Amino acid sequence: MQDQMTIQTTRLDYKLNLMALQSDYRFLQVTVKEGAFSNYNKLIASWLPEAVMTPRRNMYVLMFRQLPLLQQVEGLEMREIMLAEMETDSIYPNHILQLLLNQQAFGQPAISEVNKTPELLVSRKEWQYQRQDLRRQCHALNVKVNWDQDLELNVQTYTETAEWDWKRPLYKLDLARGFLERCYQPSDGPYFYQGNHTSRKNQVKFLSIKNLKSFERSKVGIARALLDNLNQNTTRYLRKSVKFHQSQVEQSCQLKLERTDAIWKQIAGCSINIYPQANDSLAAELANRMTAALKQSQIVQQVKVNIHCSRSSQSGLNIQVIRDTRDHAKYDHYEVGTVDRIIQHVTVEKFGAYQKGDEGVSWEPHDGKKSRDAVTDPALIKLAQELCIKQDLANRQLTMVDAALARKIQPFTFYRFEYIRELPAPEVMVTKLAFTMTMGLVFSKKQVVLKADHLKTDDEYTRICDKVFKVLGSKKQKYIWDRVDCVVQFGTKQIMIQQFARTTMPDGEQIKKQLELCNPNKILSRKNAGQELERVRPIDADDEAFMTAFKQLQSVVAESPSTFNLKDLDQAARDAGLNPRQPGMRQVNQFLEAKASFTLKSTLQRNLPDSPLLGLKWIGLMRIEEWNGYSIAQYFVGANQSLKPDIARAVTLRRLLPLSYGDKVVDEVFPELAAMMSVEFVRNGQYTVVPFPVKYLREYWLAEQREHPEYRWKRLPSDRS
């Protein structure tokens, strides 16, 4: 374990000046009863609030310079809020901050503007496209300050409609200000409503460090710009400016993972049978392509894995190719595996990347790159990993980890909570995984009703369910229980691992600064660049390679045209033998980044102790003080390899909540938990975000649901009052 890292998270630190806000604004709470949404639309169309936000469904908070004349409107309840007493009306600081945030325009100039939209929906011109039916779609980034004081950045899709509808929210694109704007009365169309209705998944990259432009289009770049605007435009209303919270990492784990293609050694000497669902030409075509690719693999041949294709499952390892029929269960050809027939399933649509209208299946490993062995393709590696896990489940024996890790795991027990019924009383299935001394897998389960009298039953499943129930504030809703990843038990010590919306947040300000320094379009003059290099040149550096490279760069600048851009200088330096990957030039670029107004290559992707990307790599434990004053242990699981220029998703945090023995148990157990997350076979070469035995519990539960359909969660609408 290593320590001494400080990282940012999406948790916001700020302090509002409520007296200044109350002096300048009036606040109105409007509750909309069922069926009265059109009345609310018509009313707010005639009002001029500075900002609007919605703290919960059917409730709005409006901020005015001067309160309008209030009148009785059917289905609407209105009352003024005094900020000194706002919590009695269930209005909290994050709601007021959201009002200020919603005023921030994303265009130029970056000023606070009137915004009658109850959320901040950032959108850009390049986020628009046309569907096959010729209607436009766009996506937007919904920027929200949540209950935990975190800045959430969620992508939402909006579809064009020409028809006005008083009963649902409609929006128009305002590209000049850079967001979607709510419409409250008919105007010139088109309008947009929230909804996708296609298989297209719209994403905004969490972070891009390719160049300055791509960074500013990423979530991190957008969040940085918004907070800058907010702090600049609302100084009067902030006693403490809004910043991302910084936390010290108390423990970290930086274990290297084994190569993912080593999984094929795990099934050395075995046979894999690939078979398609009956009477489907596309499934048969994909099965044949997979068989051919695997048979040609040198790695498969070396470990003597026998690959063949047939029409049905056989004893041993199987891959069934089926169609995606989740919406048409009666056509489901999914074959459930047995103890002697291990079956992993792939679909033509997802694995084979088939879309309706394609002439056929065109799948090839590595997108057709012939130079690479087929079984190093991540999708095929994942298939092999899933087969191995299912084989362990069928044999009730853990074989996927080495002896050292097995010894760490053996004393632990894992519990998961599967929500299976909402009415007449909420029920969860508590599933359990324990290990024998020889690493045998022992699964068990018990249904528990979430009612006070039932939770008094004295057995281990009900006792642990009761503890979780109390930590969750006696909440019974499915979405609350779905956030519980598991409970880990070590002897009599128990820790609950819980999901929540917080993520790590790179230092956007520092990233922007470093990208500006190496902007390839940056214009330099020979005179100024030469003078700057001479001014910052170290006098007596000990590193000969560094000094030699520095002097060579000075010579390259001296021989350059009177003006040039950074891209041309970089190419001239490379032509002179100054490769940015060589040690001397790597040090020169790092030195210039710290001392000069330009550098040829950023250090962003290097693993430096002061990197602005800390929190995107390795595994780390920290504690963050929450709104109730308690410090809660939280951990993140980042990448285990060098970061790529484009990072699609944020690194989420999870809470560690002790159910016994207090907070000190977290520090004792976390090294073992980190070791259980440092395996390559669950997330295909990446750390897993929860201890890997949880994967086994999930697979056990999926098999139970296939065998017992009554375990699948169901809501009973007829029982609703």
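What counts, and where the lines are drawn
- Position numbers for residues start from 1 in each chain and track the written sequence from start to end.
- Whole-chain, interface and lining totals are the exception, using all residues; otherwise, since this is a predicted model, local features are given only for residues with pLDDT of at least 70 and side-chain atom pairs are given and counted only at 80 or more.
- Think of the side-chain values as coming from all heavy atoms in the structure, minus any hydrogens and water.
- Here, nonpolar core refers to any group of buried Ala, Val, Leu, Ile, Met, Phe, Trp, Tyr and Cys residues whose side-chain atoms link them within 4.5 Å.
- Burial classes: relative accessible area under 20% of the type maximum marks a residue as buried, over 50% as exposed, and values in between as partly exposed (1.4 Å probe, protein chains only).
- Runs of H or I in DSSP of at least four residues are treated as helices and runs of E of at least two as strands, each being numbered from the N terminus.
- In this analysis, two residues are considered to be in contact whenever any of their non-hydrogen atoms come within 4.5 Å of each other.
- Each pair of strands is called paired provided DSSP finds at least two bridges between the two strands.
- Every axis in this analysis is a line fitted to C-alpha atoms, fitted for helices over the stretch in contact. Angles between the N-to-C directions lie between 0 and 180 degrees.
- Angle categories: roughly parallel below 35 degrees, roughly antiparallel above 145, roughly perpendicular from 65 to 115, and oblique for all the rest.
- Side-chain classes are defined by residue name, with Ala, Val, Leu, Ile, Met, Phe, Trp, Tyr, Cys and Pro counting as nonpolar, Asp, Glu, Lys and Arg as charged, and the others, Gly among them, as polar.
- For this document, the term salt bridge refers to a Lys or Arg side-chain nitrogen within 4 Å of an Asp or Glu carboxyl oxygen.
- The pairing test for Phe, Tyr and Trp rings, Trp by its six-membered ring, is centres within 6.5 Å, and the orientation test on the planes gives stacked under 30 degrees, edge-to-face over 60, and tilted for anything in between.
- In this analysis the charged atom, NZ for Lys or CZ for Arg, is taken to sit over a ring once it is within 6 Å of the ring centre and within 35 degrees of the ring normal.
- Candidates for patches are residues over 30% relative accessible area with no salt bridge; among them, like charges are joined within 9 Å and nonpolar side chains (Val, Leu, Ile, Met, Phe, Trp, Tyr) within 5 Å.
- For the area figures, the Shrake-Rupley method with a 1.4 Å probe applies, and any residue is considered shielded solely by the protein chains shown.
- His is not counted, nor are the chain ends, whereas Lys and Arg count as positive and Asp and Glu as negative.
- Charge positions are represented by NZ for Lys, CZ for Arg, CG for Asp and CD for Glu.

## Description of the nonpolar core
Formed by 82 residues in total, the largest nonpolar core has its most connected members in Trp 264, Ile 272, Met 290, Leu 656, Phe 692 and Tyr 696. The greatest single-element share of this core, amounting to nine residues, is contributed by helix α18 (residues 664-677). Among the nonpolar cores identified, the runner-up in size contains 65 residues, and Ile 96, Leu 120, Val 145 and Leu 238 belong to it.

## Comments concerning the environment of Leu 643
Relative to the helices and strands, Leu 643 resides in the loop between β28 (631-637) and β29 (646-647). If we ignore the near neighbours within four places in the chain, the residues touching Leu 643 are Gln 605, Leu 613, Leu 616 and Lys 617.

## Some thoughts on the pairing of strand β23 (residues 484-490)
With six of seven residues buried, β23 is to be regarded as a mostly interior element. Where β23 lies against strand β24 (residues 493-503), six bridges are found, and the strand directions are antiparallel. From the neighbouring strand, Val 488 faces β24, where its bridge partner is Ile 495. In sequence, β23 turns back onto β24 through a hairpin of two residues, with Gly 491 there showing a positive phi of about 65°.

## A look at the packing of helix α5 (residues 219-233) against helix α13 (residues 508-517)
Between α5 and α13, the shortest axis-to-axis distance is 9 Å and the interhelical angle comes to 110°. The angle between α5 and α13 falls in the class roughly perpendicular. Where α5 abuts α13, its residues Val 220, Arg 224 and Asp 228 lie against Gly 508, Glu 509 and Lys 512. Here the residues of the contact of α5 with α13 are counted per class, giving one nonpolar, one polar and four charged.

## Let's talk about the sheet that holds strand β2 (residues 26-32)
Backbone-to-backbone hydrogen bonds join strands into a sheet, with any given pair of strands oriented parallel or antiparallel. Strand order in this open sheet of four strands is β3-β4-β2-β5, and the pairing throughout is antiparallel. Strands at the two margins of the open sheet, each flanked by one partner only, are β3 (51-56) and β5 (76-81). When strand polarity is set aside, the average angle formed by the axes of neighbouring strands in this sheet is 25°. Here six bridges tie β2 to strand β4 (residues 59-64), and the two strands are oriented antiparallel to one another. Bridging from a neighbouring strand, Phe 27 pairs with Met 63 of β4. Along the sheet face, helix α3 (residues 93-102) touches β2, β3 and β4 and points at about 145° away from the line of β3.

## Points about the environment of Asn 684
If you trace the backbone, Asn 684 turns up in the loop between α18 and α19 (693-707). Along the chain, Asn 684 and Ile 381 lie 303 residues apart, while their C-alpha atoms are 7.1 Å from each other. Aside from chain neighbours lying at most four places away, what touches Asn 684 is Thr 260, Pro 378, Ile 381, Lys 382 and Gln 385.

## Remarks on the pattern of salt bridges
Scanning the entire structure with this criterion turns up 45 salt bridges. Among the charged side chains, a salt-bridge network with shared partners connects Arg 11, Asp 150, Arg 502 and Glu 626.

## Topic: the packing of aromatic side chains
Considering all chains together, one arrives at 23 aromatic pairs under this definition. Between Trp 701 and Tyr 711, the aromatic rings sit 5.5 Å apart at their centres with planes inclined by 15°, giving stacked as the arrangement. Taken as a pair, Trp 701 in helix α19 and Tyr 711 in the segment after α19 lie far apart in primary sequence, 10 residues in all. Classification of Trp 701 by relative accessible area gives buried; the value is 5%. For Tyr 711, a relative accessible area of 12% puts it in the buried group. Taken together, the ring pairs in this structure connect Phe 37, Tyr 40, Tyr 60 and Tyr 184 into an aromatic cluster. The lysine or arginine in question, Lys 493, covers the ring of Tyr 661, its NZ or CZ lying 6.0 Å from the ring centre.

## Thoughts on a positive patch on the surface
On the surface, Lys 15, Arg 239, Lys 240 and Lys 243 cluster together into a patch of positive charge. The dominant element in the positive patch, judged by the number of residues it contributes, is strand β14 (residues 238-249), at three residues. Summarising the element assignment, Lys 15 is placed in strand β1 (residues 5-16).

## Points about unusual backbone geometry
Across residues other than glycine, the phi torsion is negative in most instances, and most of the peptide bonds are trans. The linkage connecting Leu 423 with the following residue, Pro 424, adopts the cis geometry, with an omega of 5°. Here Pro 424 shows up in the loop between β20 (412-421) and β21 (427-435). Despite not being glycine, Gln 149 has its phi angle at roughly 65°, a positive value. The class for Gln 149 is buried, based on a relative accessible area of 12%. Its identity as a non-glycine residue notwithstanding, Arg 396 has a phi of 55°, on the positive side. With respect to the secondary-structure elements, Arg 396 resides in the loop between α9 (378-395) and α10 (403-409). Arg 396 sits in the partly exposed class, given a relative accessible area of 37%.

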